[in-house]
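An overview of the molecular structure
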Amino acid sequence: MTGMTRVTGVFGYPVSHSQSPSMQNAAFRALGLDCVYVPFGVHPDDLERAVQGIRALGIVGINLTIPHKERVIDMLDWVSEDARRIRSVNTIHNCDGVLKGYSTDGAGFIRALESCGKAASGARAVVIGAGGSSRATVHALVAGGAKVALVNRTLDRAVELAATVNGSFGDSVVCPIGLDDPAAERAVKEADLLVNCTPVGMHPKPDAQPIPSDWLHSGLFVYDQIYNPVESQLLRAARAVGADGANGIKMLVFQGALSFEIWTGRTPPVDIMESAVMQG
Ligand code: NAP
């Protein structure tokens, strides 16, 4: 590092588990860029001061992870329409002191899907979960031309998210369903794409599964946004019935690759970023 090195990083709490430093630093090295990516543990009470610090320290770009993605919105000078719509910013770009906010989660998910040979257009999708990642995923799927059955444990949250998306797109393309409603099983059986946006099955409870195995069928493509473990119980159950699927690593990589592109204006070395994540 020199006095010319450009600093980027991630604000999270906790942040020690983040895969982004190894992924982004590998990308900077591969392109010979004099940049560094640093994990910053920022307590929620300190978020505003940390954001002011981006300007004060001349930090070029910052990712936001749990629990900062929503609150940071009011601290920025400009926020993209996508990020505003899903009330989530995961990328800040410091443009000569003007802090601009973006969300790359939805586009990262769509690129991950496309890299598996699947598209949102025309898909009959079931999304499980109605939290932060689901907001980005459902908006991106609908913007890409999918119809979505939105299945969630807490029906009210699914109803609220469906109303927001349907309001934005002026159509009833998202149908909210409670996880314990028989309509949830029917929706999965009629779907060609299933996306898990819950942490069910994630380390340290890898044996859990968000829906029963007997809802799955060979006509489904299952995208599980979980990436730890690499093969979740849901993906194993899908494989057992002849369904294809993928874990959340590609989404992680593509959302990071899009942040990289915003900060550097360069084409991200996606394969190198993915290898860095795989190596942990
Ligand atoms: P979140 O905002 O906390 O939302 C979690 C959702 O899961 C909620 O809708 C919640 O339902 C549901 N849920 C939680 N526990 C459940 C259970 N035991 N049974 C049924 N439903 C349950 O979380 P998030 O930020 O959206 O993240 C969700 C998952 O996606 C996490 O595993 C995260 O690691 C992963 N993710 C991956 C990527 C990637 O790049 N691959 C990016 C973002 C997130 P209620 O509404 O009923 O509480």
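Each chain has its residues counted from 1, following the order in which its sequence is written. Since the coordinates come from a predicted model, pLDDT governs what is reported: local features require at least 70, and pairs of side-chain atoms require 80 or more to be given and counted, while whole-chain, interface and lining totals use all residues. Side-chain figures throughout are based on the complete set of non-hydrogen atoms in the structure, without hydrogens or water.

**Focus: the nonpolar core**
If you look at the biggest cluster of nonpolar residues, it comprises 46 residues, and the most contacted ones within it are Val-138, Leu-141, Val-148 and Val-174. Secondary structure follows DSSP: runs of H or I at least 4 residues long count as helices, runs of E at least 2 residues long count as strands, and numbering of each begins at the N terminus. In terms of residues, this core owes the most to one element, helix 9 (residues 249-264), which gives eight residues. Two domains each donate at least three residues to this core, and these are domain 1 (6-102 + 251-279) and domain 2 (106-247). Contact partners of Val-148, with chain neighbours within four places excluded, come to Ala-125, Val-127, Val-138, Leu-141, Val-142, Val-173, Val-174 and Cys-175. Grouping buried Ala, Val, Leu, Ile, Met, Phe, Trp, Tyr and Cys residues that are joined through side-chain atoms within 4.5 Å yields what is termed a nonpolar core. For the exposure calls, accessible area comes from a 1.4 Å probe over protein chains only, and a residue counts as buried if that area is under 20% of its type's maximum, exposed if over 50%, partly exposed in between. An automatic or database domain assignment is the source of the domain bounds shown. Any two residues whose heavy atoms approach within 4.5 Å are treated as being in contact.

**Some points on empty space enclosed by the protein**
Computed over the protein atoms alone on a 1 Å grid, cavities are sets of points where a 1.4 Å probe fits but cannot get out and pockets are open sets with protein on both sides within 12 Å along at least five of seven lines; a residue lines them when it has an atom within 4 Å of a point. Grid points are joined across faces, edges and corners, and a volume is the space filled by probe spheres set on the points. Going through the model one piece at a time under the given rule, you end up with one cavity of 30 Å³ or more. In this structure, the largest cavity encloses a volume near 30 Å³. Taken together, Arg-6, Thr-8, Phe-28, Cys-35, Val-60, Trp-263 and Thr-264 form the lining of the largest cavity. Secondary-structure elements contributing two or more residues to the lining of the largest cavity are strand 1 (6-12) and helix 9. In the scheme used here, Gly and all other residues not listed as nonpolar or charged are polar, with Ala, Val, Leu, Ile, Met, Phe, Trp, Tyr, Cys and Pro taken as nonpolar and Asp, Glu, Lys and Arg as charged. Of the residues belonging to the lining of the largest cavity, the class tally is four nonpolar, two polar and one charged.

**Topic: the site of the ligand**
If even one non-hydrogen atom of a residue comes within 4 Å of a molecule or strand, that residue is called near it. Among the 20 residues in the neighbourhood of the ligand, the closest are listed as Ala-130, Ser-133, Asn-152, Thr-154 and Arg-157. Any N or O atom pair separated by 3.5 Å or less is treated as a polar contact, with the protein-specific requirement of one donor-capable and one acceptor-capable atom, and with residues adjacent in sequence counted only for side-chain atom pairs. Within the backbone of Ser-133, an N or O atom sits 2.8 Å from an oxygen atom of the ligand. What decides whether a molecule sits in a cavity or pocket is whether more than half of its atoms lie within 2 Å of the grid points. Because more than half of its atoms lie within 2 Å of the grid, the ligand is assigned to the largest pocket. Where the shell around the ligand is concerned, the elements lending two or more residues are helix 5 (132-143) and helix 9. Its residues assigned to classes, the shell around the ligand comprises nine nonpolar, nine polar and two charged.

**Description of the layout of surface pockets**
Counted as a void, the largest pocket has a volume near 1,600 Å³. As for the largest pocket, its lining consists of 46 residues, and the residues nearest its centre are Ile-66, Lys-69, Ser-133, Pro-199 and Met-202. Among the elements of the structure, strand 3 (61-64), helix 5, strand 8 (147-152) and helix 9 are those that each provide at least two residues to the lining of the largest pocket. Across the lining of the largest pocket, the residue classes tally to 18 nonpolar, 21 polar and seven charged. Both domain 1 (6-102 + 251-279) and domain 2 (106-247) contribute no fewer than three residues apiece to the lining of the largest pocket.

**Details of unusual backbone geometry**
In this model, Tyr-13 is joined to Pro-14 through a cis peptide bond whose omega is 5 degrees. In this fold, Pro-14 is placed in the loop between strand 1 and helix 1 (20-30). A cis geometry characterises the amide bond from Ile-66 onward to Pro-67, with omega recorded as 5 degrees. Along the chain, Pro-67 falls in the loop between strand 3 and strand 4 (78-79). Located in the positive-phi region is Arg-87, a residue other than glycine, with phi close to 50 degrees. In this fold, Arg-87 is placed in the loop between helix 3 (81-85) and strand 5 (91-95). Unlike most non-glycine residues, Asp-96 shows phi in positive territory, near 50 degrees. Take Asp-96: it is sitting in the loop between strand 5 and strand 6 (98-102). For Asp-96, a relative accessible area of 82% gives the class exposed.

**Quick word on the sheet that holds strand 1**
Working definition: the strands of a sheet are paired by backbone hydrogen bonds and lie parallel or antiparallel to each other. A pair of strands is treated as paired once DSSP finds two or more bridges between them. Taken in spatial order, the six strands of this open sheet run 2-1-3-5-6-4, and their pairing is mixed. Two strands bound the open sheet, and with one partner strand each, they are strand 2 (35-41) and strand 4. Where strand 1 meets strand 3, four bridges bridge the pair, whose relative direction is parallel. The residue of strand 3 that forms the bridge with Gly-9 is Ile-62.

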